[in-house]
Amino acid sequence: MIRLAATPFEYPFELAHTALVIIDMQRDFVEPGGFGETLGNDVTRLQAIVPTVRRVLDAWRAAGGRVLHTREAHAPDLSDCPPAKRLRGAPTLRIGDTGPMGRILVAGEPGNQIIPELAPRPGEWVIDKPGKGMFCGTQIDALLRSHGISHLVFMGVTTEVCVQTSMREANDRGYDCLVVEDGTESYFPEFKTATLAMLTAQGAIVGWSAPSATLIAALT
Ligand code: TIU
């Protein structure tokens, strides 16, 4: 049992029953020309966390923990993309349109790949999800339960969209969740700060948070 110093109080977990979840660290969000930039965002903010995510991933791998990578991805025929999602707002390119990294947010396209620094290794789970939350339209809950996973440690992007939505969905399904504070980022710094505060408030109403250094020290 690892007893991690965390906010708002200690987060106890057993590595054998915990998965490291890395949300959507794909080129669509982190590199210019992808979905994130088409929405009008500065993607360099997200690039800054890559070395931290890699350090935690390396420590987790060395400790022998399970890893789940997600990608926000739609089928090429967009049958899993609600029109409400595709048509909302005024992006420069919509989901399914062709950009410099291929079709925006479509499975199999270059832009949909996880960035090379964090590339999944054989044996790690890689799940495409059509929603912001990782349980919507996926088999992730069955996958985790069949492997006895009860605890989830989250990193990835963006804090207030796919990370927060996934953590809330997981919390409602009974998983004990922690987010790595410097292993997640938003295009809007004030949204990240507010998200970490609201997730951990009210006695860990959604879950816990801790800095990467604390987690890495506990794993090594
Ligand atoms: N727009 C934004 O902040 N995020 C997303 O659309 N997807 C994820 O967070 N992965």
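Along each chain, residue indices are assigned from 1 in the same order as the chain's sequence is written. The model is predicted, so local features are restricted to residues of pLDDT at least 70 and side-chain atom pairs to those at 80 or more, both for listing and for counting; the totals for chains, interfaces and linings are taken over all residues.

Per an unreviewed UniProt entry, the protein chain is named Cysteine hydrolase, and its organism is Ideonella aquatica.

## A look at the site of the ligand
All residues in the neighbourhood of the ligand are listed as D24, F29, L39, E72, K132, V157, T158, V161, C162 and Y187. Among the residues forming the shell around the ligand, the class breakdown is six nonpolar, one polar and three charged. In this analysis, residues qualify as near a molecule or strand once their C-beta atom, positioned from backbone atoms, comes within 6 Å of it. Throughout, the ten residues Ala, Val, Leu, Ile, Met, Phe, Trp, Tyr, Cys and Pro are labelled nonpolar, Asp, Glu, Lys and Arg are labelled charged, and all others, Gly among them, are labelled polar.

## Considering unusual backbone geometry
In the segment running from T7 into P8, the intervening peptide bond is cis, with an omega of 5°. With respect to the element layout, P8 can be found in the loop between β1 (2-4) and β2 (11-13). V157 connects to T158 through a cis peptide bond whose omega is -15°. Following the sequence through the fold, T158 ends up in the loop between β8 (151-157) and α7 (159-172). Unusually for a residue other than glycine, L78 sits at a positive phi of about 60°. Helix and strand labels come from DSSP, where a helix needs a run of H or I of at least four residues and a strand needs a run of E of at least two; each type is numbered from the N terminus. Within the element layout of this structure, L78 appears in the loop between β4 (66-72) and α5 (83-87). Its 18 C-beta neighbours within 10 Å are what place L78 among the partly exposed residues. Of note in this structure, Q202 is not a glycine but carries a positive phi near 55°. By the element assignment, Q202 lies in helix α8 (residues 189-204). Neighbour density around each residue's C-beta defines its exposure: 20 or more other C-beta atoms within 10 Å make it buried, 12 or fewer make it exposed, and counts between make it partly exposed, where C-beta atoms are placed from the backbone.

## Considerations on the nonpolar core
Only buried Ala, Val, Leu, Ile, Met, Phe, Trp, Tyr and Cys residues enter a nonpolar core, and they are joined through C-beta atoms within 7 Å. Counting 47 residues, the largest nonpolar core has V21, I22, I23, L152, F154, L178 and V180 as the members making the most contacts within it. If sequence neighbours within four positions are ignored, V180 has contacts with V56, V153, F154, M155, A210, S212 and L215. Whether two residues are in contact depends on their C-beta atoms, placed from the backbone: they are in contact if these lie within 7 Å.

## Overview of the sheet that holds strand β3 (residues 18-23)
A pair of strands is labelled paired if DSSP reports no fewer than 2 bridges between them. Across the sheet, which stays open at both edges, the six strands sit in the order β7-β4-β3-β8-β9-β10 with parallel pairing between neighbours. Among the strands making up the open sheet, the edge pair consists of β7 (125-129) and β10 (208-210). For this sheet the average axis-to-axis angle between neighbouring strands, irrespective of direction, equals 25°. Fitting a line to C-alpha atoms yields each axis, with helices limited to the stretch in contact; the angle taken between N-to-C directions then spans 0 to 180 degrees. Of the strands in this sheet, β9 (176-185) and β10 touch helix α9 (residues 212-219), which is tilted by about 120° from β9.

## Considering helix α4 (residues 50-63)
The first and last C-alpha atoms of α4 sit 20 Å apart over 14 residues, in line with the 20 Å expected at 1.5 Å per residue. Along α4, the positions that sit buried rather than exposed are T52, V53, V56, L57 and W60. An end-on view of α4 places all buried positions within 130° of arc, on one side of the element. In α4, the exposed positions angled more than 90 degrees off the buried face are occupied by P51 and A62. Along its buried surface, α4 packs onto β3, β4, β8, β9 and α9. After α4 finishes, the residue G64 shows a positive phi value of roughly 90°. A helix's residues, less one, multiplied by 1.5 Å, set its expected span. Arc definition: directions from the helix axis to the C-beta atoms.

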